[in-house]
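Structural features, examined
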Amino acid sequence: MWKNRGQTALFQGLRALLIYIRQGTNVTKDMTVGNPVKLILSFSAPLLVGNLFQQLYSMVDAIIVGQFLGVDALAAVGTTGPLSFLVLGFVMGMTSGFSVVVAQRFGAGDYDDMRHAVAMSAVLCTALSVVVTLASVLACWPLLELMNTAENIIQQAYDYIVVIFAGTFANVLYNILSGVLRALGDSKTPLYFLIISSLLNVVLDLAFIINFHMGVAGAGYATVLSQLVSGLLCFVYMAKKFPILRFQRKDWKFQWATCRYLLKIGSPMAFQFSITAIGVITLQGAVNSFGSVTTAAFTAASKVETLTQQLMSTLATTTATFVGQNLGAGKMERIREGVRRCRQITDVSSLAMMVLVFFFWRFFISLFITGDQPQAYDDARTYLFTIMAFYIPLGWLNIYRNALQGMGEAFVPLMGGVMELVMRVVVAAVAAPFGFWAVCFASPMAWLGADIPLLFTYRRRIRALCPPKKEEETAVQKETKLI
């Protein structure tokens, strides 16, 4: 029954998609004019839905694995999360940096340089895919051992993550193309493609795990194939519907100057993700030491955490695009206003998510963990209640980091990532002997530590871009001067 319903939904989605591609129009959005709040909300809404659907990749994997293959299989998939973040986060950071450059040149109205930046981004992404795939596939087993992965789950963990790493190209393809679309102000199209690929992921997950008995590796194949579909759909749409992206031979002429600038912006963002991921790996290793049940609980809670933080991530991406376009257009006061509004919306949404988690945590955890598992539920609640108390400073971290990256600032966001790494490693190491509850404070302390350099640097940069206007002399001061 599930198969027929899934296929029907998939075919209906594909039919709607073909109509959209055939009838769609150029939907670039100029964020340098108009009401900043309206622009932020209209840009963020489809992006938020898209991010939620993107999370379905890992969430559906975890739900289906947990429901049909058991707690050990869930723990195996969950323990690979930090490794996936280490490698695919590096990719995401690099492609995000490339899209910032595209947004800056689009905002400046320099479409020739913008196309050249997109072309050079494609060249760099191809090389990135080859290098990252080879390195990650060869290193995944030693890394699993380094993370203290339990013997009863390490083989399943390897079977899953090696498939994900082998399909790195699909992840790179989607991230760079969707990043370019968002840089041009189009946050809707990636959403439509993600909906289709997410439906496909559900169908393939169930087929590979239940029908073909492929185990946890089946979830990995479903994820990679679904991501590949979303990337190819972005490519077809951009080729058909964006005249400003119709390349000429000169756009593909290799220039080191452009590549160096792309890497200057992209590399620190990529290393920032990877440095943060190293801290998460350390945290995962500390969690693994408490056994597979606690690992499964941490996995389930982490999925809930990621889901409830999607609005923060959405506003962070919006901030980078808004700042990048307005920097290119030379509209500095709009940068200050846009960042302030993004932060305010993030504060309100963080409070809302804290309330949601407080009242519905058990329902969310039950999606991943079946049967009578009191320890798993207790550990999951402990983690969720600890981290959600720090959602507001986490929102600030996302906003100010992306604002600085939109300004072309690379070093300080990287140092913020280093601060996160140091805090996670230190707190996880010190807290582990006291129990799992103490380890739960590792991420909140990392967020607070990273906030300090980011907030300080943003205030300094925005004051330099928008110096305070000199107050007009009062009549009394003028009279005094005359006397």
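This text gives an overview of the structure that appears in the document. Keep in mind that what you see is a predicted model, and the values were worked out from it rather than measured. (Residues numbered from 1 in each chain as written. Predicted model: local features only at pLDDT ≥ 70, side-chain atom pairs only at ≥ 80, totals over all residues. Heavy atoms only, no water.)

Moving on: the environment of Pro268. Its location among the elements puts Pro268 in helix H10 (residues 256-288). Sequence separation between Pro268 and Met94 is 174 residues; the distance between their C-alpha atoms is 8.0 Å. The contact partners of Pro268, leaving out residues within four places of it in the chain, are Leu263, Ala410 and Leu414. (Helix = DSSP H or I, 4+ residues; strand = E, 2+ residues; numbered from the N terminus. Contact = heavy atoms within 4.5 Å.)

With that settled, consider the packing of aromatic side chains. What the rule picks out here adds up to 15 aromatic pairs. Relative to Tyr237, the ring of Phe193 has its centre 6.0 Å away and its plane inclined at 70 degrees; by these criteria the two rings are edge-to-face. With Phe193 in helix H8 (residues 189-211) and Tyr237 in helix H9 (residues 216-241), this residue pair connects regions lying 44 residues apart in the sequence. Tyr237 carries the same exposure label as Phe193, and that label is buried. Aromatic side chains Tyr237 and Phe242 sit 5.9 Å apart centroid to centroid with 75 degrees between the ring planes, which places their arrangement in the edge-to-face category. On the basis of relative accessible area, Tyr237 is assigned to the buried category, the value being 0%. For Phe242, a relative accessible area of 0% gives the class buried. (Phe/Tyr/Trp six-rings, centres within 6.5 Å; stacked < 30°, edge-to-face > 60°. Buried < 20%, exposed > 50% of the residue type's maximum accessible area, 1.4 Å probe, protein only.)

This part takes up the environment of Lys303. Position of Lys303 relative to the elements: it lies in helix H11 (residues 292-308). Linking Lys303 and Met59, residues 244 residues apart in sequence, is a C-alpha distance of 6.5 Å.

Turning our attention to the packing of helix H16 (residues 411-431) against helix H18 (residues 442-465). Packing of H16 against H18 leaves a shortest axis separation of 8 Å and a crossing angle of 155 degrees. As summarised for this structure, H16 and H18 are arranged roughly antiparallel, according to the angle between their axes. The interaxial crossing formed by H16 with H18 has right-handed handedness. Counted together, Val412, Pro413, Gly416, Met419, Glu420, Met423, Arg424, Val427 and Ala428 of H16 and Ala442, Ser443, Met445, Ala446, Trp447, Gly449, Ala450, Pro453, Leu454 and Thr457 of H18 form the full contact between these two elements. (Axes fitted to C-alpha atoms, helices over the stretch in contact; angles between N-to-C directions. Parallel < 35°, antiparallel > 145°, perpendicular 65-115°, else oblique. Left-handed = near helix turned anticlockwise from the far one by under 90°.)

Evaluation of the coordinates by the stated rule reveals 10 salt bridges. Two residues, Arg336 and Glu333, come together in a salt bridge whose shortest N-O distance is 3.7 Å. Taken together, the positions of Arg336 and Glu333, both in helix H13 (residues 332-366) and 3 residues apart, correspond to about one turn of that helix. For Glu420, the salt bridge goes to Arg401, with nearest N and O atoms at 2.5 Å. Of this pair, Glu420 sits in helix H16 while Arg401 is found in helix H15 (residues 391-406), placing the two residues 19 residues apart along the sequence. Of the two residues, Glu420 and Arg401, neither departs from the other in class, the shared state being buried. Within this structure, Asp112, Arg115 and Asp251 form a network of salt bridges that share partners. (Salt bridge = Lys/Arg side-chain N within 4 Å of Asp/Glu carboxyl O.)

Interpretation in functional terms is not warranted from these geometric data alone.
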